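Structural description and commentary
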Amino acid sequence: VDKTRKQETEISILKEQVKPVSKKILKILEKRIYKPRENEFNFGEIKNTDVYEQVIVPERDKLFRIDIKIATFARKNNCNLTFSLKNFKNNIVHAESHHSSEFKDNSFFPIVFQPIDNSQNEKFYLQISSPDGDYNNALSVYCMSTKNKKYFLKFNNEEKNCKLVL
């Protein structure tokens with residue numbers, strides 16, 4: 001009985017210590033998830049004929065994660081979104097696919113992979129497609145306006161004056 005009471009006390013103390021940290025993390029995440037920037041917009045439904053491509057140049061070495069803002073249009077979709085990361089030689093270094101049920105509307109989604117050595121200042125291409133996306137059953141990515149042609153989003157091989165919100 002004493003051992004159980006001691007464990008309960010320790011758990012209670014740990015919970016109190018974790019609360020402030022959790023609240024801080026939640027506040028940071030809420031800002032990132034729910035506060036859109038002025039010039040953010042969703043680019044429209046990603047249909048099965050569409051391919052989006054964004055140039056990414058990491059500022060640090062060992063690239064291992066890319067967070068991308070996704071829209072579900074506040075509806076239940078039944079489709080998949082495929083992400084492919086290619087290096088400057090056009091070789092796929094990472095690819096993954098996720099069902100639409102895994103995405104939260106207007107929120108960032110993490111693409112996590114093994115750290116890539118010597119990635120700092122190297123050019124990568126993030127490709128996004130949806131093999132089964134269709135009208136009223138598709139997701140979207142968030143974009144923001146840019147004048148820097150170096151980072152223009154390519155939509156079906158056509159450059160747009162925007163870039164993905166990452």
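Structure report, in brief. From a predicted model like this one, the values you see are computed outputs, not experimental measurements.

1. Re the layout of surface pockets
By volume, the largest pocket amounts to about 680 Å³. The wall of the largest pocket is formed by 22 residues, among which Ile 56, Val 57, Pro 58, Glu 59 and Leu 63 lie closest to the centre. Of all the secondary structure elements, the ones that give two or more residues to the lining of the largest pocket are strand S2 (51–56), strand S3 (63–71) and strand S11 (162–164). Here the residues of the lining of the largest pocket are counted per class, giving twelve nonpolar, one polar and nine charged.

2. A short note on the pattern of salt bridges
Scanning the entire structure with this criterion turns up six salt bridges. Its salt-bridge partner being Lys 62, residue Asp 117 comes within 2.5 Å of it at the nearest N-O pair. Here Asp 117 is found in the loop between strand S6 (107–116) and strand S7 (124–129), whereas its partner Lys 62 is found in the loop between S2 and S3, with 55 residues between them in sequence. For the salt bridge of Glu 158 with Lys 160, the shortest nitrogen-to-oxygen distance reads 2.9 Å. A relative accessible area of 46% means that Glu 158 is categorised as partly exposed.

Reading the values: rules and limits
Residues numbered from 1 in each chain as written. Predicted model: local features only at pLDDT ≥ 70, side-chain atom pairs only at ≥ 80, totals over all residues. Heavy atoms only, no water. 1 Å grid on protein atoms, 1.4 Å probe; cavity = no way out; pocket = protein on both sides within 12 Å on 5 of 7 lines; lining within 4 Å. Points joined across faces, edges and corners; volume = space filled by probe spheres on them. Helix = DSSP H or I, 4+ residues; strand = E, 2+ residues; numbered from the N terminus. Nonpolar A, V, L, I, M, F, W, Y, C, P; charged D, E, K, R; others polar. Salt bridge = Lys/Arg side-chain N within 4 Å of Asp/Glu carboxyl O. Buried < 20%, exposed > 50% of the residue type's maximum accessible area, 1.4 Å probe, protein only.

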